[in-house]
Amino acid sequence: MRTETSPGAADDARTASPVAVQWFDRRPAMSARAPVVSGPKPVPPAPGDEQEQEIYEVRRKIYPRAVHGWFAGWRVFFVLFTQAIFYGLPWLSWNGRQAVLFDLAARKFHIFGLVFWPQDFIYLTALLVIAALTLFLFTTIAGRLWCGYACPQTVYTEIFLWIERKIEGDRIARMRLDAAPLSSRKVALKAAKHGAWLALALWTGYTFVGYFTPIHDLGIRALSWRLEGWETFWIVFYAFATYGNAGWMREQVCKYMCPYARFQSVMFDRDTLTITYDPGRGEPRGPRSKKTDRHAKGLGDCVDCQVCVQVCPVGIDIRQGLQYECIGCAACVDGCNQVMDKMGYPHGLIRYTTENALAHGYDARTIARRVRRPRTVIYTGVLLAILSVTAGALALRNPLKVDVIRDRASLAREAAPGIIENVYRVQLMNTDETPRRYTIRAEGLPGLRITGVEQPIALRAAEGRPVALRLQAPVEPSAEERMQGEAPGELGPGAHKIEFIVQSVEDDKVVRHEKSSFIVPR
Ligand code: SF4
Ligand code: SF4
């Protein structure tokens, strides 16, 4: 078994920061999992000794080593899957327009056949609740799956690392390059890497803005330097954030900036699957040759090769126990399994397992059975209920939206002797993908009549339009009505409840009833 030696060999021996271990050890639920770590015990300070402790840890650059295996394959899959969606969606067309377009100027969100208006804010709320509950559920079952496989920070760091490896080489080559004095080769490699990073970051910024303005048109205007100010700002801002976070900040975003890392432990319990080093099997650790009989020598399965540390993108040693820096990417699982293969030992010295499984020796079946527990059942039940209600509401969604606003600027007036007139602004919104015609009528008072608008009113697909109309009502019966004895009562001064009924000509089931009031002046 070959162990790497390099200018950064000291870095290989890096373990979790004392701060992280202290943080971990303070938590009763997780501290029970801390394995016994071999090595000299810290000497307690003598009374009177002055101890100075750094508040901030100086960052040591991490050079993650490439790793292959089952979980690395899943990470690649999720990178390709999420990025195919992100980069591909804005280029799809639907009914002659961009399939997914968040048109902020027109206040319309197009998502394939659905058009959402500000009035549909409830669906956005439902989406956020569903996303949060899904995150809670998966975190309770299997820890930081989101962080390890699908979080944009992880995904873009993976892509940027891949570019870095292609240009500068794997871990040792990159360490040597950084340690080498300035040369034309070093400048060329660094320039190529940063050039590729910046190109990808700019493309990412362009794609992001392409969700808010038609992307074809955006591309044409970008090439002819005719972008609007807000478009330029957001392309550059998003590109800068991508380049900075994935190229430079990397694990620091997860360690110091991401709030999720701080509170995810409250979702963990003793049956949550986490990436765990099995100290019962691995300790006492120590180097040996492949032919050594480890049992005869009293050694555990850990050959202390540091591969699990070298592949870790956040630079921790999982053998120190679960630490909040661990993003659950399982790179150490793949790395260790490769070592186990070379040594002829079984896989799984580092593996997905639970605190209870480790303590009681549960098999995979028992671990799977214990996924069903009150917390996961409640999350699943609430999630399914919200999903069903949201799906039902979307399926039964009325494609017609109506807002009626009485024109407060023009007071009620007498349009003719005995006829009072109020002015309204009716906002019609056709959220359908087909054009429709609508009629408007008003009910609630005798003799109500709509004037000032030509009916039916035609709206194009996904069009919203304000319609100004006048509503007239007689306040006293006419002489003719009195004579015929069918005169309705007089309409006294004040506000009277009325209702507007807007109906589709093509489909009479598409109808909206909107309440309003009709004012009769004194
Ligand atoms: S990769 Fe496995 S064998 Fe090597 S140090 Fe880590 S836990 Fe031990
Ligand atoms: S300890 Fe293992 S799972 Fe955690 S971040 Fe490092 S490599 Fe990924």
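Details of the structure are given in the entry above.
Residues numbered from 1 in each chain as written. Chains lettered and ligands numbered in written order. Predicted model: local features only at pLDDT ≥ 70, side-chain atom pairs only at ≥ 80, totals over all residues. Heavy atoms only, no water.

Undergrad: Could you give an account of the site of ligand 2, with specific residues and numbers?
TA: Residues in contact with ligand 2 amount to 13 residues; listed here are only the nearest, Cys-312, Cys-326, Cys-329, Ala-330 and Cys-332. Broken down by class, the residue content of the shell around ligand 2 amounts to twelve nonpolar, one polar and no charged. (Near = heavy atom within 4 Å. Nonpolar A, V, L, I, M, F, W, Y, C, P; charged D, E, K, R; others polar.)

Undergrad: Help me get a handle on the site of ligand 1, residues and values and all.
TA: Around ligand 1, 13 residues are found, and the nearest of them are Cys-302, Cys-305, Gln-306, Cys-308 and Cys-336. Split into classes, the residues belonging to the shell around ligand 1 amount to ten nonpolar, one polar and two charged.

Undergrad: Provide a residue-level description of the nonpolar core, including the pertinent values.
TA: In terms of nonpolar packing, the biggest core is built from 44 residues, with Ile-275, Cys-332 and Ile-350 touching the most fellow members. Secondary structure elements with two or more residues in this core: helix H5 (121-142), helix H6 (145-150), strand S6 (274-277), helix H15 (307-310), helix H16 (331-343), strand S7 (350-353) and helix H19 (374-395). Looking at this core, the element that brings in the most residues is H16, giving seven residues. Contacts of Ile-350, omitting those with residues within four sequence positions, involve Ile-275, Thr-276, Tyr-277, Cys-308, Ile-318, Cys-332, Val-333 and Cys-336. (Core = buried A, V, L, I, M, F, W, Y, C linked by side-chain atoms within 4.5 Å. Buried < 20%, exposed > 50% of the residue type's maximum accessible area, 1.4 Å probe, protein only. Helix = DSSP H or I, 4+ residues; strand = E, 2+ residues; numbered from the N terminus. Contact = heavy atoms within 4.5 Å.)

Undergrad: Account for the sheet that holds strand S5 (residues 114-116), naming residues and giving values.
TA: What the three strands build is an open sheet, ordered S3-S4-S5; its pairing is antiparallel. Of all the strands in the sheet, the pair left with one neighbour each is strand S3 (100-103) and S5. For this sheet, the mean angle separating the axes of adjacent strands, direction not counted, is 15°. (Pairing = 2+ DSSP bridges. Axes fitted to C-alpha atoms, helices over the stretch in contact; angles between N-to-C directions.)

Undergrad: Tell me what's going on with unusual backbone geometry, and back it up with residues and numbers.
TA: Cis geometry is adopted by the peptide bond preceding Pro-284, which originates at Glu-283 and carries an omega value of -10°. Examined against the element boundaries, Pro-284 turns out to sit in the loop between helix H14 (279-282) and H15. Note the cis peptide between Gln-455 and Pro-456, where omega equals -5°. Relative to the assigned elements, Pro-456 resides in the loop between strand S12 (449-451) and strand S13 (457-459). Here Arg-250, not a glycine, exhibits a phi torsion of approximately 45°, which is positive. Phi at Ala-462 takes a positive value of approximately 55°, unusual for a residue other than glycine. Residue position: Ala-462 is located in the loop between S13 and strand S14 (464-474).

Undergrad: Tell me about the pairing of strand S10 (residues 419-430), residues and numbers included.
TA: When you tally the buried positions in S10, you get ten out of twelve residues, the bulk of the element. Sheet topology note: the strand S8 (residues 400-406)/S10 ladder contains seven bridges and is antiparallel. In the sheet register, Arg-406 faces S10, and the bridge partner there is Tyr-424. What sits between the antiparallel neighbours strand S9 (residues 413-416) and S10 is a turn of two residues, in which Gly-418 has the positive phi angle 80°.

Undergrad: For H5, give the residues involved together with the corresponding values.
TA: Counted at 1.5 Å a residue, the expected span for H5 with its 22 residues is 32 Å, and the 32 Å between its end C-alpha atoms agrees. Among all positions of H5, only Tyr-123, Ala-126, Ile-130, Leu-133, Leu-137, Thr-139, Thr-140 and Ala-142 are buried. The inward-facing, buried residues of H5 abut S5, H6, helix H13 (259-263), S7 and H19. Looking one or two residues beyond H5, the residue adopting positive phi is Gly-143, at roughly 65°. (Expected span 1.5 Å × (residues − 1).)

Undergrad: Report on the sheet that holds S13, specifying residues and quantitative values.
TA: Pairing in this open sheet of four strands is antiparallel, and the strands run S13-S11-S15-S16 from one edge to the other. Looking at strand neighbours, the two that pair on one side only are S13 and strand S16 (511-520), the edges of this open sheet. Direction aside, neighbouring strands of the sheet carry axes that sit 30° apart on average. The pairing of strand S15 (residues 494-504) with S16 spans ten bridges and is classified as antiparallel. Paired with Phe-500 across the two strands is Glu-514, which belongs to S16.

Undergrad: Quick rundown of the pairing of S3? Include the residues and the values.
TA: Taken together, the four bridges between S3 and strand S4 (residues 108-111) define a ladder with antiparallel strand orientation. What sits directly across from Leu-101, in S4, is His-110. Counting the residues between successive antiparallel strands, the hairpin from S3 to S4 contains four residues, one of them, Arg-107, with a positive phi of roughly 55°.

Undergrad: Describe in detail the environment of Tyr-211, supporting the description with residues and values.
TA: Residue position: Tyr-211 is located in the loop between helix H9 (184-209) and helix H10 (215-223). Given the relative accessible area of 9%, Tyr-211 is considered buried. With residues near it in sequence (within four places) discarded, Tyr-211 still touches Ile-85, Phe-86, Leu-89, Pro-90, Gln-98, Val-100, Leu-101 and Phe-102. Among the polar contacts made by the side chain of Tyr-211, one reaches the main-chain carbonyl oxygen of Phe-86 at a distance of 2.8 Å. (Polar contact = N/O pair within 3.5 Å; in protein donor to acceptor, adjacent residues only side chain to side chain.)

Undergrad: Which residues make up the packing of aromatic side chains, and what values go with them?
TA: Here the distance between the centres and the angle between the planes together describe a pair of aromatic rings. On inspection of all chains with the given rule, the structure shows 27 aromatic pairs. Taken together, a centroid distance of 6.0 Å and an interplanar angle of 45° make the contact between Phe-136 and Tyr-379 tilted. Of this pair, Phe-136 sits in helix H5 while Tyr-379 sits in helix H19; the two residues are 243 residues apart in sequence, bridging distant segments of the chain. Given the relative accessible area of 26%, Phe-136 is considered partly exposed. Looking at Tyr-379, the relative accessible area reads 18%, which means it is buried. The ring of Tyr-345 is capped by Arg-294, whose NZ or CZ atom sits 3.8 Å from the centre of that ring. Sitting above the plane of the Phe-116 ring, Arg-397 keeps its charged end 4.9 Å from the centroid. (Phe/Tyr/Trp six-rings, centres within 6.5 Å; stacked < 30°, edge-to-face > 60°. Lys NZ or Arg CZ within 6 Å of the ring centre and 35° of its normal.)

Undergrad: Outline the side chain of Arg-373, supporting the account with residue identities and numerical values.
TA: Position of Arg-373 relative to the elements: it lies in the loop between helix H18 (364-369) and H19. There is a polar contact of 2.8 Å between the side chain of Arg-373 and the backbone oxygen of Thr-140. Setting aside residues no more than four positions away along its own chain, Arg-373 makes contact with Thr-140, Ile-141, Asp-269, Asp-271 and Thr-272.

Undergrad: Give me the pattern of salt bridges: which residues, what numbers.
TA: Under the definition given, this model contains 34 salt bridges. Residues Arg-375 and Asp-269 are paired through a salt bridge, measuring 3.8 Å at the closest nitrogen-oxygen approach. Of this pair, Arg-375 sits in helix H19 while Asp-269 sits in the loop between H13 and S6, and the two are 106 residues apart along the sequence. In this structure, the salt-bridge partner of Arg-465 is Glu-463, at a minimum N-O distance of 3.7 Å. Under the relative-accessibility criterion, Glu-463 is labelled buried at 13%. (Salt bridge = Lys/Arg side-chain N within 4 Å of Asp/Glu carboxyl O.)

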